[in-house]
Amino acid sequence: NKDTILASKQASKQASKQASRCYGLDLLKILCMFFVIAFHFSDHGAITLSCSQELSFNWYILAVPRIFGAICNCVFVLISGYFLYHKSFNIRNVIKLWMQVFFYSVVLGIVCFIIGSEPFGMRSLIKMIMPFTFNEYWFFSAYIVLYLLFPFLNKLINVLNKKEHVALIVIGLFVFSLLYTIPKVTWIEGANNIPIFIVLYLIGAYLCKYEIRIPRKEGLLLTILLLVIENLSLFGMRLIYNLTGMDSVSYFVWGTGKLLPVLTSVSLFLLFKDFNIKHTKWIAFVAPSVFGVYLFHIGRLKEILFGCIFNNSVTFNTGMLLPQMIVAMITIFVAGILIDKLRIIIFEKPIFILINKPIERANEKIYEFLNS
């Protein structure tokens, strides 16, 4: 009955106290989004990095952000695993995420049609209103699948003992990370990164369940060491190119499932998790809209932002490449946060006022099903 459900929900909330709001991890999310913008500045810019290019300061400036694309993706999933492990499934979150993606897909699509950066057509229109089906935002598509699976993953985790949990993580890392790194088994690239997302979720849940901590000094040294290794891998690929002709600057640091970024993300997560940061207004204001920054700058506007406004080919042979990248990071981040806050006011809040009661009823039914 309803009283039992409410009592169970209260117990669930009580159990989730150990995974309460962590401003250290909120700060990490914010920093990660800055680095994601830098990654896209390099990845979607006019300059395509190659090991055959002359080694220069500007080459390195564009190569370094390649390191952080995968690391930051992994961090976001680890944070989800850490916090969702003690939480109940909430259909509100699925609807909220879908509405957020739908808003940016439609609004940015209309903007691009108006300014003529994308031709209007039936296929473009369908992709605009069905972003999940057409994988317009790959991270969202993979993440929403993970969110639908997390209640069942939690049930699995709860019946595993510590050794079994570790064994499952090790197997997952071997199959979906190590084999993807050396010797890069190509079939693992399929399924839109969902397998490695599940492995990262299992890691995040493990860190929460067993309250894993690492001394700050050791955590900092480990993170620095891993980042140094990742940097060296960029130059290592230049050496491999000279020996074999294999031209892939970011082989060891991209994509998301590569072993080095996975390990570095875990180290960063542990480092920031225990930062003793009290309630900070600007972090509390910015953190909830970080995902909006991603949707704003990597959707249909990416060609305009990184091919026109912040075109790195203009500054690649000058001393202005690094300042241009920093300006792009700050400008896009601030604009993305402000736009998302406006979206919440004019779009999200009014809709949720209308659908709040049906969502609550749906959540009760789902809770009964998952806990029967």
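**Overview of helix α8 (residues 194–209)**
A rise of 1.5 Å per residue sets the reference length of α8, with its 16 residues, at 22 Å; its end C-alpha atoms lie 22 Å apart and thus fit the reference within 8%. Counting buried residues along α8, 13 of its 16 residues qualify, which places the element largely inside the surrounding structure. Where α8 ends, the next residue or the one after it, Glu211, has phi of about 50 degrees, a positive value.

**Here's the deal with the nonpolar core**
Leu25 and Tyr137 are the most contacted members of the largest nonpolar core, which has 101 residues in total. In terms of residue count, helix α3 (residues 57–84) provides more of this core than any other element does, 18 residues in total.

**Details of the confidence of the model for the protein chain**
Considering every residue of the protein chain, the mean pLDDT works out to 91; 94% of them sit at 70 or more. Taken as a whole, residues 13–19 scores under 50 in pLDDT and shows 9 contacts with residues more than four places along the chain or in a different chain.

**Focus: a nonpolar patch on the surface**
A contiguous nonpolar patch, built from Phe57, Leu322, Ile326, Ile330, Val334 and Leu338 and spanning about 540 Å² of accessible area, is present on the exposed surface. Sort the elements by how many residues they give to the nonpolar patch and helix α14 (residues 321–370) lands first, with 5 residues. Examined against the element boundaries, Val334 turns out to sit in helix α14.

**Considering the side chain of Asn154**
Tracing the backbone shows Asn154 in helix α6 (residues 138–159). On the basis of relative accessibility, which here comes to 6%, the residue Asn154 falls in the buried class. Not counting residues within four places of it along the chain, the set of residues in contact with Asn154 comprises Leu84, Tyr85, Lys87 and Tyr201.

**Focus: the packing of aromatic side chains**
Here a ring pair, both rings aromatic, is described through the centre-centre distance and the interplanar angle of the planes. By the definition in use, this model includes 27 aromatic pairs. Ring plane angle 20 degrees and centroid distance 5.7 Å describe the contact between Tyr60 and Phe235, whose orientation is recorded as stacked. You can see Tyr60 sitting in helix α3 and its partner Phe235 sitting in helix α9 (residues 216–244), a full 175 residues away along the chain. Using a relative accessible area of 27% as the deciding quantity, one classes Tyr60 as partly exposed.

**Focus on the environment of Asn73**
By secondary structure assignment, the location of Asn73 is in helix α3. Separated by 182 residues in the primary sequence, Asn73 and Gly255 place their C-alpha atoms 9.5 Å from one another. What Asn73 contacts, discounting residues up to four positions off in sequence, is Trp138, Phe139, Trp254 and Thr256.

**Quick word on the environment of Phe89**
Mapped onto the elements, Phe89 comes out in the loop between α3 and α4 (91–115). Along the chain, Phe89 and Ile71 lie 18 residues apart, while their C-alpha atoms are 27 Å from each other. Ignoring any residue separated from it by four or fewer positions in sequence, one finds Phe89 in contact with Val94, Tyr147, Leu148, Phe150, Pro151, Asn363, Ile366 and Leu370.

**Side note on the pattern of salt bridges**
The final tally for this structure, using the stated rule, is 10 salt bridges. In this structure, Asp274 and Arg213 form a salt bridge, with 3.5 Å as the shortest nitrogen-oxygen distance. Pair noted here: Asp274 is in the loop between α10 (259–273) and α11 (281–286) and Arg213 is in the loop between α8 and α9, with a separation of 61 residues, a long-range link. We note a salt bridge from Lys273 to Asp274, for which the minimum N-O separation is 3.2 Å.

**So, the layout of surface pockets**
Once rolled over the atoms, a probe with the size of a water molecule shows which space is left empty. For the second largest pocket, the calculated volume is near 380 Å³. Counting residues per element, the ones that place at least two in the lining of the second largest pocket are α2 (23–43), α3, α4, α12 (290–298) and α13 (302–309). Here the element with the most residues in the lining of the second largest pocket is α2; it accounts for 4 residues. For the lining of the second largest pocket, the per-class residue count stands at 9 nonpolar, 7 polar and 5 charged.

**Thoughts on the packing of α3 against α10**
For the pair α3 and α10, interaxial distance at closest approach is 8 Å and the crossing angle is 55 degrees. Relative to α10, the element α3 lies oblique. The hand of the α3/α10 crossing is right-handed. Every residue of α10 that contacts α3 at Ala70, Ile71, Cys74, Val75, Leu78, Ile79 and Tyr82 is listed here: Pro261, Val262, Thr264, Ser265, Val266, Leu268, Phe269 and Lys273. A breakdown of the residues in the contact of α3 with α10 according to their chemical character gives 12 nonpolar, 2 polar and 1 charged.

So, how was this worked out
Residues numbered from 1 in each chain as written. Predicted model: local features only at pLDDT ≥ 70, side-chain atom pairs only at ≥ 80, totals over all residues. Heavy atoms only, no water. Helix = DSSP H or I, 4+ residues; strand = E, 2+ residues; numbered from the N terminus. Expected span 1.5 Å × (residues − 1). Buried < 20%, exposed > 50% of the residue type's maximum accessible area, 1.4 Å probe, protein only. Core = buried A, V, L, I, M, F, W, Y, C linked by side-chain atoms within 4.5 Å. pLDDT = per-residue confidence, 0-100. Contact = heavy atoms within 4.5 Å. Patch = residues over 30% accessible without salt bridge, like charges linked within 9 Å, V, L, I, M, F, W, Y side chains within 5 Å. Areas by Shrake-Rupley, 256 points an atom, 1.4 Å probe, with all protein chains shown as cover. Salt bridge = Lys/Arg side-chain N within 4 Å of Asp/Glu carboxyl O. Phe/Tyr/Trp six-rings, centres within 6.5 Å; stacked < 30°, edge-to-face > 60°. 1 Å grid on protein atoms, 1.4 Å probe; cavity = no way out; pocket = protein on both sides within 12 Å on 5 of 7 lines; lining within 4 Å. Points joined across faces, edges and corners; volume = space filled by probe spheres on them. Nonpolar A, V, L, I, M, F, W, Y, C, P; charged D, E, K, R; others polar. Axes fitted to C-alpha atoms, helices over the stretch in contact; angles between N-to-C directions. Parallel < 35°, antiparallel > 145°, perpendicular 65-115°, else oblique. Left-handed = near helix turned anticlockwise from the far one by under 90°.

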